[in-house]
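Given next are the chains, with one letter for each unit.
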Amino acid sequence: MNVSEALIREIVTKVLEESAGKGSKPEFEKHIDPSGIIGIKTSTVKCEPFQQDGVKLKDVVTLEAPRMGCGIMELDHTSFEWTLTYDEYDLVLDGTLEIEIDGRVVSGGPGDIIYIPKGSHIHFQTPNRTRYAYFVYPADW
């Protein structure tokens, strides 16, 4: 019996979708097409507390997209220190995101994209409540 790649992909997709919703209401709206395309309604993503007051996040894609990951992060009038072990793009959805590195600040508002190279030691900071999407490669956190 020959098992096609398409059949394997379809089975894995169904298992992932079923296990994500098992025993509880899905955390956010996410659809995984058998082709591998993933659709996420970011307005349904509810971030969870992360490491310090004023910082929340939710990873929304980890192993479904090979080697890539993404999520939503919320910062509320705070600064958050981090060293990246991956390349990252941040798409600002609401507020103002500031990336401080070596005493300099790169700032972005709604619709702006900020790229941060792997190995950067930075401070994510916000003068207000900010929500942004992050996209990382490779997703090895």
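All of these numbers come straight from a predicted model, not from anything done at the bench.

1. Considering the overall build of the protein chain
Reasoning step 1: When helices and strands are tallied, the protein chain shows 1 helix and 12 strands.
Reasoning step 2: Helices (α) and strands (β) of the protein chain occur, in sequence order from the N terminus, as α-β-β-β-β-β-β-β-β-β-β-β-β.
Reasoning step 3: Out of the 141 residues belonging to the protein chain, those deemed buried represent 30%.
Reasoning step 4: For the protein chain, long-range pairs separated by at least 24 residues make up 62% of all intrachain contacts whose partners lie at least 6 apart in sequence.
Reasoning step 5: For the protein chain, the computed accessible surface area is about 8800 Å², with 56% contributed by carbon and sulfur atoms.

2. Concerning the packing of aromatic side chains
Reasoning step 1: Applying the stated rule across the entire model yields 6 aromatic pairs.
Reasoning step 2: Aromatic side chains Y89 and Y115 sit 4.9 Å apart centroid to centroid with 45° between the ring planes, which places their arrangement in the tilted category. In this pair, Y89 sits in strand β7 (residues 87-94) while Y115 sits in strand β10 (residues 113-116), placing the two residues 26 residues apart along the sequence.
Reasoning step 3: Of the residues examined, Y115 reaches a relative accessible area of 39% and is grouped as partly exposed.
Reasoning step 4: For the ring pair F124 and Y132, a centre distance of 6.1 Å and an interplane angle of 25° mean the geometry is stacked.
Reasoning step 5: Residue F124 is classed as buried on the basis of its relative accessible area, which comes to 3%.

3. Regarding the nonpolar core
When a protein is soluble and globular, its nonpolar side chains tend to lie buried together.
Reasoning step 1: M73, L75, L97, I99, I116, F124 and Y132 are the most contacted members of the largest nonpolar core, which has 17 residues in total.
Reasoning step 2: Of all elements in the fold, only β4 (52-61), β5 (69-76), β8 (97-101), β10, β11 (121-125) and β12 (129-137) reach the threshold of two or more residues within this core.
Reasoning step 3: Those residues in contact with M73, other than ones at most four positions away along the chain, are C47, F50, V55, K56, L57, F80, T130, R131, Y132 and Y134.
Reasoning step 4: In this structure, V45, V61, C70 and A133 belong to the second largest nonpolar core, which totals 8 residues.

4. Describing the pairing of β7
Reasoning step 1: As judged from the 7 bridges shared by β7 and β12, these two strands associate in the antiparallel manner. By the bridge assignment, D90 is partnered in β12 with Y134.

5. Comments concerning the pattern of salt bridges
Reasoning step 1: Counting across every chain of the model gives 4 salt bridges.
Reasoning step 2: For E74, the salt bridge goes to R131, with nearest N and O atoms at 2.4 Å. With E74 in strand β5 and R131 in strand β12, the pair connects residues that are 57 residues apart, well separated along the chain.
Reasoning step 3: Since its relative accessible area comes to 12%, E74 is described here as buried.
Reasoning step 4: The residue R104 makes a salt bridge to D102 at a minimum N-O spacing of 3.8 Å.

6. Description of the sheet that holds β11
Reasoning step 1: One open sheet accounts for 4 strands, arranged β6-β11-β8-β9; its pairing is antiparallel. At either margin of the open sheet sits one strand with a lone partner, and together these are β6 (79-83) and β9 (104-108). The sheet shows a mean angle of 25° between the axes of neighbouring strands, direction not considered.
Reasoning step 2: Across 3 bridges, the pairing between β8 and β11 is antiparallel.

Analysis parameters
Residues numbered from 1 in each chain as written. Predicted model: local features only at pLDDT ≥ 70, side-chain atom pairs only at ≥ 80, totals over all residues. Heavy atoms only, no water. Helix = DSSP H or I, 4+ residues; strand = E, 2+ residues; numbered from the N terminus. Buried < 20%, exposed > 50% of the residue type's maximum accessible area, 1.4 Å probe, protein only. Contact = heavy atoms within 4.5 Å. Areas by Shrake-Rupley, 256 points an atom, 1.4 Å probe, with all protein chains shown as cover. Phe/Tyr/Trp six-rings, centres within 6.5 Å; stacked < 30°, edge-to-face > 60°. Core = buried A, V, L, I, M, F, W, Y, C linked by side-chain atoms within 4.5 Å. Pairing = 2+ DSSP bridges. Salt bridge = Lys/Arg side-chain N within 4 Å of Asp/Glu carboxyl O. Axes fitted to C-alpha atoms, helices over the stretch in contact; angles between N-to-C directions.

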